[in-house]
Every structure is written in structure tokens, then in C-alpha cells.
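Residue strings, one per chain:
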Amino acid sequence: AYHSGHTGGLEFYKLPSESTELYYGIELEVERGKESECTIDCLAAEALERLNSDLWHCERDGSLNDGCEFISQPMTYNYLVSPETKDKIKCALDHLIKLGGRSYNTSSCELHFHVSRAVLTPQAIVNLLVTTSRFKDVIFKLSRRTEANF
């Protein structure tokens, strides 16, 4: 399993015309807003109905305040931005908002992106380290984190 709450193995999603080893994974943390009449389980079920359930799963996250996280299988960028995938994600996010789910302006929700290691050369890793070091202040501002809670 690639995540503690997922019982299946990894499946890599790409368009039929693609031949790449560059895949991305997404984790979106969501909390139930105080104004929501849905439970977090209801919010998760409603969102998963709108997503591709082979591509996504949801699990509770103890670091959140009444929340869960939506976790994708690895997919290529082109698969992610394909009209079908984008439309399903947008539909699920719009529905979560309508039901009172929140991912922004909370004290604990985060968005994580994962990148496959297979394409990271030693130079790419050095470039990543230099870039994150050089733009540390911008990264902290965007992530709404500090060095103490990063």
C-alpha cells in the first residue's frame, strides 16, 4: 500500500500516447466547516462519488480538525490536466465547498504534491535543494508555515 488507509497497490495513470516515468501524486486535506450540516464522512463520500474512485481514495487524518484527505494514485501531468480528470476534480471541489468543506484558511489543512523519484537525477536534486533554499521565504509565505511548523 502506498498510504496507510489504502489497501490496494499503486496504479500509474497516463494517457495511452504517453511514455514517461514522471508521475505526480496529490493529497488534499479537507476539514468540515463549522457551518456545514454534513459530517466529514458525508463530505468524503459525496466528493468520491464525483471523482474517479480508482484514481482517488479518502482517509481520516488525525492532524486535522474533523477532516480527511483525498489521495490520488500517481498520474502524469497530461492525465491530470485532461478534460475528463480536470472536470471531475472541479466538480468534486465545487461540491465540497457547497457542502461546507474547507481546505484554505484553516489552521491545519495542506496540499501535498509528490513527484516520482525515477526522473530525479543527482543534478535535479541539487537544483531542487538550491531553489528551495533560495526561495525559502516565498515557500513559507505560500504554505502559511514558519520554520517552527514546517
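In the block above lies the structure referred to throughout.
Residues numbered from 1 in each chain as written. Predicted model: local features only at pLDDT ≥ 70, side-chain atom pairs only at ≥ 80, totals over all residues. Heavy atoms only, no water.

Participant: Give a detailed account of the pattern of salt bridges, specifying residues and quantitative values.
Facilitator: Scanning the entire structure with this criterion turns up 6 salt bridges. Its salt-bridge partner being R50, residue E46 comes within 3.3 Å of it at the nearest N-O pair. Here E46 pairs with R50, and both are found in helix α1 (residues 40-50), just 4 residues apart, close to one helical turn. Of the charged contacts in the structure, one is a salt bridge between E84 and K88, with a shortest N-O distance of 3.4 Å. Note that E84 and K88 are positioned in helix α3 (residues 83-99) at a spacing of 4 residues, about one turn of the helix. On the basis of relative accessible area, E84 is assigned to the exposed category, the value being 55%. One salt-bridge network, held together by shared partners, links R32, D41, R60 and D66. (Salt bridge = Lys/Arg side-chain N within 4 Å of Asp/Glu carboxyl O. Helix = DSSP H or I, 4+ residues; strand = E, 2+ residues; numbered from the N terminus. Buried < 20%, exposed > 50% of the residue type's maximum accessible area, 1.4 Å probe, protein only.)

Participant: Tell me what's going on with a nonpolar patch on the surface, and back it up with residues and numbers.
Facilitator: A cluster of nonpolar side chains, V115, V119, L120, I125 and L129, forms an exposed patch at the surface whose accessible area comes to about 390 Å². Relative to the assigned elements, V119 resides in the loop between β5 (111-115) and α4 (122-134). (Patch = residues over 30% accessible without salt bridge, like charges linked within 9 Å, V, L, I, M, F, W, Y side chains within 5 Å. Areas by Shrake-Rupley, 256 points an atom, 1.4 Å probe, with all protein chains shown as cover.)

Such coordinate-based values are descriptive only and should not be taken to indicate function.
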